[in-house]
Amino acid sequence: PLPVAERDSIISGVVLQPDGSPLPGAMVAADGIGGQIGQVTLRALTDDLVRFQLAVPHGTYRLRAAHEDAQANNWLNPVLRTVIAPPNGSVSGVTLMFRQADAELTGVTSIAGDPAVNGRVHIWAYSSSGAATYTSVMLGDTYTLNLLQGERWHIGAVLETDDSFYGVRTAV
């Protein structure tokens, strides 16, 4: 049976740009951790005053944020925040701040041994602190991923054709 949990707690806060200025229109997600809420994800958008408020069942959540302008501005996601929402209570004052990329990873996409393959390669990277970035280029083209120095990055790339799938993952 599908468990039902009452939204008896509130998580609230603000989302900021890397320079500390307000960021309206950001999407905040609360991913439940463990127990009845282990597969629950609740979302809210920041309002014009950059505030967000999520009504959630009590429990532990990992908070993350995204914004449609992040990639174009070379911003990376805020650090993941873990909060404990108490029964019939609230967690307030949570600040999620985007980070400005300060490094680049650049390369050329290729596939060894099969010169007839062609298509779009999707490349992504994520760090344990919650930063994530992506790009896509045609096979043989140069790609650039904007990253943060001092973090371990997990990087992957995929290319799918009508009859084949190519993929690779590594860490740097």
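The notes below deal with the structure included here.

### Looking at the packing of aromatic side chains
Within the structure shown, the criterion is met by one aromatic pair. Relative to Phe98, the ring of Trp75 has its centre 5.9 Å away and its plane inclined at 45°; by these criteria the two rings are tilted. Of this pair, Trp75 sits in strand S6 (residues 75-76) while Phe98 is found in the loop between strand S8 (90-97) and strand S9 (99-100), placing the two residues 23 residues apart along the sequence. Both residues of the pair, Trp75 and Phe98, count as buried.

### With respect to the pattern of salt bridges
Applying the stated criterion across every chain yields a total of three salt bridges. We note a salt bridge from Arg64 to Asp31, for which the minimum N-O separation is 2.6 Å. With Arg64 in strand S5 (residues 59-66) and Asp31 in strand S2 (residues 27-33), this pair connects stretches of sequence that are 33 residues apart. Exposure remark for Asp31: the relative accessible area of 18% places this residue in the buried category. Salt-bridge contacts for Arg51 lead to Asp47; the nearest nitrogen and oxygen are separated by 3.2 Å.

### Observations regarding the environment of Ala70
Within the element layout of this structure, Ala70 appears in the loop between S5 and S6. Exposure remark for Ala70: the relative accessible area of 10% places this residue in the buried category. Residues Ala70 and Gly38, 32 residues apart in the sequence, show an inter-C-alpha distance of 28 Å. Those residues in contact with Ala70, other than ones at most four positions away along the chain, are Trp75 and Phe98.

### Re the pairing of strand S12 (residues 132-138)
Looking at chain direction, strand S11 (residues 120-127) and S12 are connected through seven bridges and run antiparallel. Pairing of Arg120 across the sheet is with Met138, part of S12. The turn joining S11 and S12, which pair antiparallel and follow one another in sequence, is formed by four residues; a positive phi near 105° is taken by Gly130.

### Comments concerning the sheet that holds strand S1 (residues 9-16)
The strand order S4-S1-S8 describes an open sheet built from three strands, whose pairing is mixed. Whereas interior strands pair on both sides, the edge strands pair on one side only; in this sheet they are strand S4 (51-56) and S8. Averaged over all pairs of adjacent strands, the angle between strand axes in this sheet comes to 25°, irrespective of strand direction.

### Topic: the sheet that holds S2
One open sheet holds the four strands; their spatial order is S3-S2-S5-S7, and the pairing between them is antiparallel. Two strands in the sheet have a free side with no partner beyond their single neighbour: strand S3 (41-45) and strand S7 (81-85). Strand-to-strand, the axes of this sheet are offset by a mean angle of 30°, without reference to chain direction. Looking at chain direction, S2 and S5 are connected through seven bridges and run antiparallel. Each residue of the ladder has a partner; that of Ala29, found in S5, is Arg64.

### Topic: unusual backbone geometry
Despite not being glycine, Val50 shows a phi value in the positive range, around 65°. Structurally, Val50 is set in the loop between S3 and S4. Accessibility expressed as a relative area gives 5% for Val50, which makes it buried. Positive phi, normally seen in glycine, also occurs at Asn74, with a value near 60°.

### A short note on the side chain of Asn146
Note that Asn146 resides in strand S13 (residues 142-147). The class for Asn146 is buried, based on a relative accessible area of 14%. Within polar-contact distance, the side chain of Asn146 engages the side chain of Asn74 at 2.6 Å. Contacts of Asn146, omitting those with residues within four sequence positions, involve Asn74, Leu76, Ala101, Ala103, Glu104 and Thr133.

Cut-off values and rules
- Residues numbered from 1 in each chain as written.
- Predicted model: local features only at pLDDT ≥ 70, side-chain atom pairs only at ≥ 80, totals over all residues.
- Heavy atoms only, no water.
- Phe/Tyr/Trp six-rings, centres within 6.5 Å; stacked < 30°, edge-to-face > 60°.
- Helix = DSSP H or I, 4+ residues; strand = E, 2+ residues; numbered from the N terminus.
- Buried < 20%, exposed > 50% of the residue type's maximum accessible area, 1.4 Å probe, protein only.
- Salt bridge = Lys/Arg side-chain N within 4 Å of Asp/Glu carboxyl O.
- Contact = heavy atoms within 4.5 Å.
- Pairing = 2+ DSSP bridges.
- Axes fitted to C-alpha atoms, helices over the stretch in contact; angles between N-to-C directions.
- Polar contact = N/O pair within 3.5 Å; in protein donor to acceptor, adjacent residues only side chain to side chain.

Geometric values such as these leave the question of function open.
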